[in-house]
Structures are given as structure tokens and as C-alpha cells.
Amino acid sequence: MDKNSKLLTIVVVVIVVVAACGVAAYTLLSDDDDAVFQTDSVAQVYGNANMDYTIDSRDVDFLQSIVNGETTWDDTENPFADANTDGAITQEDIDLVNKIIAKEECTVYYYDYWGNASALNFPINNPRIAVTYWQQAEEMGILGLWDNIVVANNSVFTSSSTSIYDTSGIVSIGTSSSSSSSVDSAAIETMMDNDVDLIIASCYTTIKEAAVELESLGIQSIFLWHAGSYCLSTILTLGVLLGQEPAVMRYSRPLERSQPSPLCT
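The structure presented is a predicted model; accordingly, all values stated were derived computationally and were not measured.

Parameters and conventions
- Residues numbered from 1 in each chain as written.
- Predicted model: local features only at pLDDT ≥ 70, side-chain atom pairs only at ≥ 80, totals over all residues.
- Heavy atoms only, no water.
- Buried < 20%, exposed > 50% of the residue type's maximum accessible area, 1.4 Å probe, protein only.
- Helix = DSSP H or I, 4+ residues; strand = E, 2+ residues; numbered from the N terminus.
- Pairing = 2+ DSSP bridges.
- Axes fitted to C-alpha atoms, helices over the stretch in contact; angles between N-to-C directions.
- Parallel < 35°, antiparallel > 145°, perpendicular 65-115°, else oblique.
- Left-handed = near helix turned anticlockwise from the far one by under 90°.
- Contact = heavy atoms within 4.5 Å.
- Nonpolar A, V, L, I, M, F, W, Y, C, P; charged D, E, K, R; others polar.
- Salt bridge = Lys/Arg side-chain N within 4 Å of Asp/Glu carboxyl O.

1. Observations concerning helix 4 (residues 134–142)
Thought 1: Counting buried residues along helix 4, seven of its nine residues qualify, which places the element largely inside the surrounding structure.
Thought 2: Considered for burial, the residues of helix 4 that qualify are Q136, A137, E138, E139, M140, G141 and I142.
Thought 3: G144, located one to two residues past helix 4, shows a positive phi value of around 80 degrees.

Below, the structure written as C-alpha cells:
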């Protein structure tokens, strides 16, 4: 099996995991056949006003209709319409979404593991990435960013799920049995030595607390779900945050929604 086929298999597994969640259909693209799975997963980035898989002109149109009074904003149906998270839909939200589309410098917000709107400096261009466990590394592989990983938890070197990738250029930190060991003092020093500027992080309190220090060192952290029913939303969200929507869409294509749907709970 070649590398692309193995990557495709990984994404099949990701989408199957979330199949029980849903309402919006996604078609997995394959040379052999098209397999349709149901999921209500969306890119959980504020500015994704119409609750689909990306941020684009359709979100601008939706926001404009709200500003013009043609559409009433329902913050339950469309929680990510409020791009700047100030509690109202205004021209400022439209301006911010246009900046996200154009990949201009701005602050973007995403719905993090703890249910908060977390801020990131955007765009995140060609990041030097650290991952705190093998699942995050696998996600980078799916997004076409494997070569951007410069530091990784030791589990990346021992997991069969990441064994298809070349790890020779990656520096090991922590232990395979502990994600939190990836942010101890020695690991942070290793990140600094290797000019890491972004961590795709496991969602543990220890790592969240370390993120404050990392931020002061110029290292941003992204905290998303990396297992279970949220796998696809994580891939879609990372696709937007890291500017890798085309890589996401190589493997899955969302069909048209009949209407926006609420977040899967």
C-alpha cells in the first residue's frame, strides 16, 4: 500500500468514527468508490457563519444578510457567525471574515476543547510544529504538514499509526506514556532550541497551564478534540486555522446541507 492510500485509510477511520453523530453528508473521495457517511461536524472557527466546512464568501453573504436585516441571527443554530465574539453581528464581523479569507493578519477565534473561544494570531504560515502525542502528528500528516513537525512526543516514534512517516528529522520529547511530559522544562527548552512556534496539544490541564508560559515565549497552542466523535471537526477546524482546506478536501467533500445544523453534543 502506498503512502497516499494509507493516508486515505486513516481518514476513512476518522470519518467512520464520527458517522453516528449525524445530519450533514460527507463524501469520501476515492479512486475506487464513493462512500457516504453522515456527520454534523463543522469547522469550529468563529466566522464560519453558515456552519459548513470552511470560511468563504458564503459566510460573508450570510453575515451581510443579517446586517441588512434580511436574516435573523440565531446564536444556537449559527454560533460561529459572531466572528469577533463580541455578542453581536455587525460590519466588523464581515470585515474580519474577509481578512480570514484573504489570509490577512488578524485575530481569529476557534471553539476549543473546553468550550471557550480561543484566540490565535492569524495567518499561521509555514509553522514549526510540536505535537504532544501521536494523534496530533497523524492529523498533521492528513493535512499535508508532516514535514512541519520538528518536535514530537516520543509516542510518535513508537506508534504504528505514524510508522508510515519519516521521523528522522523530528526531535523527541517526553515519554510515550505521558502527553504532559511534552511540556516539562526540558521539553520546552527543546522547543525553543528548535524554533517551535505552534503546538498542537493534548487537552490536559498541565499542558493548558504550560501554554501560558509558551505564549510568552512566542509559541501558540491549539487545543482541540483528538478522539471519538470530534475527529472530523478537528480536521476541518485545523484545515481553516492552518490554511490547509485543500488538503482536507482531497479526502472528503461535504454535500450540500439543507439547512445549518447545531453543534454535535
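Next comes the rest of the write-up.
2. Some words on the sheet that holds strand 7 (residues 171–173)
The strands that make up a sheet pair up through hydrogen bonds in the backbone, lying either parallel or antiparallel.
Thought 1: Reading across the sheet, the five strands line up as 7-6-5-8-9 and stay open at both edges, with parallel pairing between neighbours. Two strands lie at the open edges of the sheet, namely strand 7 and strand 9 (220–223), each paired on one side alone. Sheet twist, expressed as the mean angle between neighbouring strand axes with direction ignored, is 20 degrees.
Thought 2: Where strand 5 (residues 129–131) and strand 6 (residues 149–153) come together, three bridges link them in parallel fashion.

3. Section: the packing of helix 4 against helix 8 (residues 231–241)
Two quantities define a packed helix pair, namely the angle between the helix axes and the distance between the axes.
Thought 1: It is at 11 Å that the axes of helix 4 and helix 8 come closest, and there the two elements cross at 60 degrees. Classed by the angle they form, the pair helix 4 and helix 8 counts as oblique. Seen along the crossing, helix 4 lies across helix 8 with a hand that is right-handed. Each of E139, M140 and I142 in helix 4 lies in contact with helix 8, whose residues at this interface are T234, I235 and L238.
Thought 2: Residues belonging to the contact of helix 4 with helix 8 are distributed by class as follows: four nonpolar, one polar and one charged.

4. Some points on the pattern of salt bridges
Side chains that differ in charge, positive against negative, can pair when their charged atoms come close.
Thought 1: A full pass over the atoms with the stated rule returns two salt bridges.
Thought 2: Between D52 and R58 there is a salt bridge, with the nearest N and O atoms lying 3.5 Å from each other.
Thought 3: For R58, a relative accessible area of 33% puts it in the partly exposed group.
Thought 4: The shortest N-O distance in the salt bridge between R58 and D56 comes to 2.7 Å.
Thought 5: Look at D56 and you get buried, because its relative accessible area is 17%.
Thought 6: Linked through salt bridges whose partners overlap, the residues forming this network are D52, D56 and R58.

Remember that the coordinates give geometry; whether it matters functionally is a separate question.
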